[in-house]
Amino acid sequence: MHKIVLFAFIFCYSLQVNAVIKSSTNVDSLLSVMTLDEKIGQMTQMCFSTITLDGSKSLDLNVDNFKQLIKQQHIGSFLSGSDSYAKWFDFVTAIQKVAVEETRLGIPLIIGIDHVHGANYINEGTIFPHNLMMACSFDKTLIEKVAKVTAIETAPVGLSWNFSPVLDVARTPYWPRFYETFGEDSRVCAELGSAYIKAYQYVPEIAPYKLSACAKHFIGYSDPKYGYDRSPSEIPMQTLHEVFMPPFRKAFEAGVKTLMVNSGELNGEPVHGSKFLLDTLLRRQLGFNGVIVTDIKDIERIVKMHHTAANEKEATLQVINAGVDMYMACNSYTFIQHVKELLSEGKLSMAQIDASVRRILQLKKELGLFENPYPSKKLLDAVNTTENRKVALEAAEKSIVLLKNEDILPLDKSKKLLIAGIGANSKRMLNGPWSFDWLGAAEAQQPQNMLTLFEACKSTFGTNNVLLSKTERILSPADKKQFLKDTRKADVIVLAVGEQPYSEFMGNINDLTLDADQLELIDAAIATKKPVVLVLMEGRPRVITKQAAGVKAVLFAGYPGIEGAQAIANILSGKTNPSASLAFSYPLAAGHTIPYNHKPSEFNIYWKPEPAQKWLYPFGHGLSYTQFEYSDLQLSDTIITPNGTLKASVKIKNAGKIRGTETALWYIKDEVGSISRPVKSLKFFEKIDLNSGEEKTIHFEINPQQHLAFPDKAGLYRLEPGRYQLIIDNKSLWFSLNN
Ligand code: BGC
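Some details on the sheet that holds strand 19 (residues 628-635)
Then, in step 1: A sheet is described by the order of its strands in space; here three strands give the open sequence 19-21-24, paired in antiparallel fashion. Each edge of the sheet is formed by a strand with only one pairing partner; in this case those strands are strand 19 and strand 24 (695-702). Between one strand and the next, the sheet's axes are offset by a mean angle of 20°, whatever the strand orientation.
Then, in step 2: Across six bridges, strand 19 lies against strand 21 (residues 646-654) in antiparallel orientation. Residue L635 lies in a different strand from strand 21, and its bridge partner there is A648.

Now the structure itself:
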């Protein structure tokens, strides 16, 4: 009799469970039938290296390991991996099949990937410039195109969670993640970051699939006190709200579904363990209701690096109490056990666990994973296409900044060029880090179908006009001798110098000055008296002040991606007119790095005359092969009220001989504030295309709440009556805000 009752119970229960799964989109019903193990599994994210055959990033599934893992630990999410489309396709299909068809509840996995500049972990992916360079384009439309291609090349293999964009505002160029950001201005980071988010999360072309963006890394990561990655930040709360928070606020307005936490500590607290930062500020004050994921292995870091918990169990308690939903455990299972123990000890409540699991299931539901867990062959037609490559070329061309040009560019096509330096014949230097590998794949693993700078110059200027020097650096007198010999046949020397790709802490440095052996190469080239063109391939502005004075032209290319070489060659030849502007300040000296919107100092009032130069190249600087003239700056009134608006306009004329694109940057300076104000702040930017001789009037509508208000230390915005100065190019006008 008992057996019959038990059987009937199990039968009914499994019917109920099946019904729940069939109607799968009902998150609460699903939650109600989940066991504790199944719930904690959903909160755990593992690295693919735990289920691949040799523990590597190549996608060869260790089926037994995986089945055991999913059945015993109920893991709900995985990340990382790098391989071809074919391998991704089979791998994701296989793991989703087990998750959906062989587990009790059939909950699909959600797979996270760092596609931070295109589909950079797929061998055939289109690699775009890194964010810092994209920011130099100041072009939201371009960013939307890049994000769309990224989504189109990511979604077909079942990757639905992109750990992008980085929304950290880069305030120190020493920080080795500088190139992952949109530069030093919060408005630029906010506008361009949210353009990525909106585009990633809404791509009808990938229907029925969807992609979730991830706003990272909340918060205060990008101004580490010692410059090293993940070293502590000390940021006053007012500055946190004014400088670092706006990109996250804008991301929330844009509907970002997930957020990743900063691994470092802020004002004495590891952010992962901070109830104040994650719960009070992020959840309650800013109203973020999406999934919060930790950064990789950060429970471990709380113990080993921050030392604010004696062991991982205590750290787990801190992190969950702070508000984290998912732990990016990567390769450790202790989290699961610790959560169970903390629950049984009454230190964590089931309500906390349920809240996190509900958010994770809701995310899976919104991404359509329950209905479409498997990759789609159909969508593979749209990956790796000529069209996508065109977007990569456009992105590189529009983000390479011409910093100096003394009557040398565009290059005369009859001249013989010598290409030298670490970037002369390297694909790795173009694609940069986070390309097929975290540190950037080795040269031999780079795509066949891309050109190096030397190759692109040959096809642009003619094979006989371009020579390659094997000298990358001058490490010995023999190197110098060889290099000088190579220069003899050349009319112009193009030096591609910079930084070998690096990621995170692997890029920590003690000196921002470019390596001595590369500076020596530049000096040797200058000493030949032949014109020298510098192409900077680097992730942050390495100091080159003395050498920049001796060369004829300087281009900042950063890591420009798979079409980067062709884009540089097009700019050198004049096929493309450069249009980008610096989204960061290029420092003059290694010991003095200062953003454009710094606060005033004695320097400004007592140092007379002011030093002629604070930066080698200032924020917003970028030359073109044509010239733009600004005139007739006007304001619709000299007075504005809190709920009113003012219309500003200015004329821009292309006074040169060819078509060009100008970046118009509108700044406002607040004369007096109850909290000290920056010397000026960027309020609006726009790209303007102009034919030779053409003039356009451009407009900016000043809205006090958006452009004049600033936050206090509690994050509450205040608007203060007083005088403000509107600045564009070298023109300015004053106006007053009245009550
Ligand atoms: C980085 C994150 C990245 C994560 C997963 C971490 O080391 O800080 O930005 O998303 O790894 O790869």
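So, helix 16 (residues 386-399)
Then, in step 1: When the terminal C-alpha atoms of helix 16 are compared, their 20 Å separation across 14 residues agrees well with the 20 Å that a helix rising 1.5 Å per residue should span.
Then, in step 2: Check the buried side of helix 16 and you find it contacts helix 6 (131-136), helix 7 (140-154), strand 11 (401-405), strand 16 (553-556) and helix 22 (564-573).

Observations concerning the side chain of K257
Then, in step 1: Assignment of secondary structure puts K257 in the loop between helix 10 (246-253) and strand 6 (258-261).
Then, in step 2: Residues contacting K257, with those up to four places away along its chain left out, are Q201, S212, A213, F288, G290, V291, L363, E366 and L367.

Things to note about the packing of aromatic side chains
Then, in step 1: The tally for this structure, following the rule as stated, stands at 25 aromatic pairs.
Then, in step 2: Arranged with centres 5.1 Å apart and planes meeting at 65°, the rings of W161 and F163 form a pair that is edge-to-face.
Then, in step 3: With a relative accessible area of 0%, W161 lands in the buried category.
Then, in step 4: Owing to a relative accessible area of 0%, F163 belongs among the buried residues under this scheme.
Then, in step 5: In this structure an aromatic cluster arises from ring pairing among F48, F66, F78, W88 and F91.
Then, in step 6: The ring centre of W434 lies 5.8 Å from the NZ or CZ of K216, which sits over that ring.

With respect to the state of the cysteines
Then, in step 1: Summed over all chains, the structure comprises one disulfide.
Then, in step 2: Residue pairing for C47: its cysteine sulfur links by disulfide to C330, the two sulfurs lying 2.1 Å apart. Here the S-S torsion is close to -115°, and the disulfide linking C47 with C330 is therefore left-handed. With C47 in strand 1 (residues 44-47) and C330 in strand 10 (residues 327-330), the pair connects residues that are 283 residues apart, well separated along the chain.
Then, in step 3: In this structure C330 comes out as buried when scored by relative accessible area, which is 9%.
Then, in step 4: Counting only cysteine sulfurs, C136 is the nearest neighbor of C189, a cysteine outside any disulfide, at a range of 11 Å.
Then, in step 5: Here C189 falls in the buried class, since its relative accessible area comes to 0%.

Things to note about the pairing of strand 16
Then, in step 1: Covered by surrounding structure in strand 16 are A553 and L555 together with V554 and F556, the residues of both alternating faces.
Then, in step 2: Both strand 11 and strand 16 contribute to a ladder of four bridges, which runs antiparallel. Along strand 16, the bridge assignment pairs L402 with L555.
Then, in step 3: One ladder, built from four bridges, connects strand 15 (residues 532-537) with strand 16; its direction is parallel. Paired with V533 across the bridge in strand 16 is A553.
Then, in step 4: Assessed by its sense of winding, the connection that carries the chain from strand 15 through helix 21 (residues 545-550) to strand 16 is right-handed.

Looking at the site of the ligand
Then, in step 1: Near the ligand, the surroundings consist of L79, D114, F163, R177, K216, H217, R230, M260, D295, I296, M328 and E504.
Then, in step 2: Here an oxygen atom of the ligand sits 2.9 Å away from a polar atom, N or O, in the side chain of K216.
Then, in step 3: A distance of 2.7 Å separates an oxygen atom of the ligand from a polar side-chain atom of H217.
Then, in step 4: For the ligand, whose unbound accessible area comes to 310 Å², protein coverage reaches 94%.

Thoughts on the environment of G421
Then, in step 1: By the element assignment, G421 lies in the loop between strand 12 (417-420) and helix 17 (428-431).
Then, in step 2: Along the primary structure G421 and E269 are separated by 152 residues, whereas in three dimensions their C-alpha atoms are 43 Å apart.
Then, in step 3: Apart from the residues within four sequence positions on either side, G421 is in contact with T471, E472, A496 and L521.

Examining the sheet that holds strand 4 (residues 161-162)
Then, in step 1: Sheet architecture is open: five strands sit in the order 4-3-2-1-10, paired in parallel fashion. Both outer strands of the open sheet, strand 4 and strand 10, are each paired with one neighbouring strand and no more.
Then, in step 2: Note that strand 1 and strand 10 share three bridges and pair parallel. From the neighbouring strand, M46 faces strand 10, where its bridge partner is C330.

Parameters and conventions
- Residues numbered from 1 in each chain as written.
- Predicted model: local features only at pLDDT ≥ 70, side-chain atom pairs only at ≥ 80, totals over all residues.
- Heavy atoms only, no water.
- Pairing = 2+ DSSP bridges.
- Helix = DSSP H or I, 4+ residues; strand = E, 2+ residues; numbered from the N terminus.
- Axes fitted to C-alpha atoms, helices over the stretch in contact; angles between N-to-C directions.
- Expected span 1.5 Å × (residues − 1).
- Contact = heavy atoms within 4.5 Å.
- Phe/Tyr/Trp six-rings, centres within 6.5 Å; stacked < 30°, edge-to-face > 60°.
- Buried < 20%, exposed > 50% of the residue type's maximum accessible area, 1.4 Å probe, protein only.
- Lys NZ or Arg CZ within 6 Å of the ring centre and 35° of its normal.
- Disulfide = S-S within 2.5 Å.
- Right-handed = clockwise from strand over helix to strand, strands pointing away.
- Near = heavy atom within 4 Å.
- Polar contact = N/O pair within 3.5 Å; in protein donor to acceptor, adjacent residues only side chain to side chain.
- Areas by Shrake-Rupley, 256 points an atom, 1.4 Å probe, with all protein chains shown as cover.

Everything listed here is a matter of coordinates, which is why it stays silent on function.
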